[in-house]
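# Overview (structure and organization)
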Amino acid sequence: QPGEYDWGSVDGSVDAAVACGVEPVIKISAGPGPGQDSTPPGDMEAYGRFVGALAEHLKGRVRVYAIENELNNGRMVSWTGETYGPVRAAAYAAIKSVDPDATVLDSGLTMQGGVLDSNGQMAFLKMATVTREDKVSVPAFGSLMPVAP
């Protein structure tokens with residue numbers, strides 16, 4: 001039913017993280033499902049309602065949300081700054097409307113070789129209308145290799 005959600009698996013993951021002393025960060029993906037490349041939502045209003053309901057449900061247990069995952073990775077061909085900007089804005093508004101103290105992160109950027117701007121990631125961020133109140137996440141794995149003298 002529209003507006004009815006089964007939070008069982010989310011609650012189990014959040015509770016397990018908290019029980020281990022880990023602060024959970026929720027990555028929100030528009031779909032279509034686990035192990036599949038995400039695509040922009042077809043119904044932005046329904047997406048916003050879902051994200052707001054999720055944040056309302058998790059308020060007090062989760063403080064950080066990330067919108068999508070590494071959308072600049074080359075496989076996510078339907079994502080551009082123009083398609084991500086409205087999705088990020090809708091998710092940001094929905095989360096902040098129910099939990100003003102929550103932190104909302106971008107999708108994170110794949111390093112693809114360890115150089116941030118080698119594949120246009122900065123252009124992606126600029127097109128996605130990242131503003132001062134947002135936080136930008138950049139994965140460090142593979143990019144912090146020691147350099148021999």
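Structure shown above.
None of these values were measured; they are calculated from a predicted model.

Our focus in this paragraph is the nonpolar core. The biggest cluster of nonpolar side chains holds 24 residues, and the ones touching the most others in it are Ile26, Ile28, Tyr47, Tyr65, Ile67 and Ile95. Looking at this core, the elements with two or more residues in it are β1 (25–28), α2 (44–58), β2 (64–67) and α3 (81–98). Among all residues touching Ile28, those that are not within four sequence positions of it are Tyr47, Val51, Leu54, Tyr65, Ala66, Ile67, Glu68 and Ile95.

Ordered by their spatial adjacency, 3 strands build an open sheet running β1-β2-β3, and the pairing between neighbours is parallel. A strand with exactly one partner marks an edge of an open sheet, and here the two such strands are β1 and β3 (103–105). Averaged over all neighbouring strand pairs, the angle between strand axes comes to 25 degrees, with direction disregarded. Bridge count for β1 against β2 is 4 bridges, and the pairing is parallel. Opposite Ile26, over in β2, you have Tyr65 as the bridge partner.

Another aspect to go through is helix α1 (residues 8–19). Relative to the 16 Å expected for 12 residues at 1.5 Å per residue, α1 spans 16 Å between its end C-alpha atoms, a close match to the ideal helical length. The inward-facing, buried residues of α1 contact β1 and α2.

At a minimum axis separation of 8 Å, α2 and α3 run at an interaxial angle of 35 degrees. Relative to α3, α2 is oriented so that their crossing is right-handed. Contacts between α2 and α3 involve Met44, Tyr47, Gly48, Val51, Gly52, Ala55 and Glu56 from the former and Pro86, Val87, Ala90, Ala91, Ala94, Ile95 and Val98 from the latter.

Applying the stated criterion to the full structure yields 3 aromatic pairs. For the pair Tyr5 and Phe50, a centre-to-centre distance of 5.3 Å together with 65 degrees between the ring planes defines the contact as edge-to-face. Taken together, the residues span a long stretch of sequence, with Tyr5 in the segment before α1 and Phe50 in helix α2 at a distance of 45 residues. Here the aromatic cluster, defined as three or more aromatic residues joined through ring pairs, consists of Tyr5, Trp7 and Phe50.

Taken as a whole and judged by the stated rule, the model has 3 salt bridges. The network of salt bridges with common partners includes Asp11, Asp15 and Arg61.

One can describe the packing of α1 onto α2 by two numbers: an axis separation of 12 Å at closest approach and a directional angle of 40 degrees. By the criterion of interaxial angle, the relationship of α1 to α2 is oblique. As α1 packs across α2, the resulting crossing turns out to be right-handed. Judged by residue contacts, Val10, Asp11 and Val14 of α1 engage Leu54, His57 and Leu58 from α2. Here the residues of the contact of α1 with α2 sort into 4 nonpolar, 1 polar and 1 charged.

Okay, the environment of Gly31 next. Counting through the fold element by element, Gly31 comes out in the loop between β1 and α2. Given the relative accessible area of 11%, Gly31 is considered buried. Taking C-alpha positions, Gly31 is 7.6 Å from Pro41, a pair spaced 10 residues apart along the chain. Aside from chain neighbours lying at most four places away, what touches Gly31 is Asp37, Ser38 and Thr39.

The rules behind the values
Residues numbered from 1 in each chain as written. Predicted model: local features only at pLDDT ≥ 70, side-chain atom pairs only at ≥ 80, totals over all residues. Heavy atoms only, no water. Core = buried A, V, L, I, M, F, W, Y, C linked by side-chain atoms within 4.5 Å. Buried < 20%, exposed > 50% of the residue type's maximum accessible area, 1.4 Å probe, protein only. Helix = DSSP H or I, 4+ residues; strand = E, 2+ residues; numbered from the N terminus. Contact = heavy atoms within 4.5 Å. Pairing = 2+ DSSP bridges. Axes fitted to C-alpha atoms, helices over the stretch in contact; angles between N-to-C directions. Expected span 1.5 Å × (residues − 1). Left-handed = near helix turned anticlockwise from the far one by under 90°. Phe/Tyr/Trp six-rings, centres within 6.5 Å; stacked < 30°, edge-to-face > 60°. Salt bridge = Lys/Arg side-chain N within 4 Å of Asp/Glu carboxyl O. Parallel < 35°, antiparallel > 145°, perpendicular 65-115°, else oblique. Nonpolar A, V, L, I, M, F, W, Y, C, P; charged D, E, K, R; others polar.

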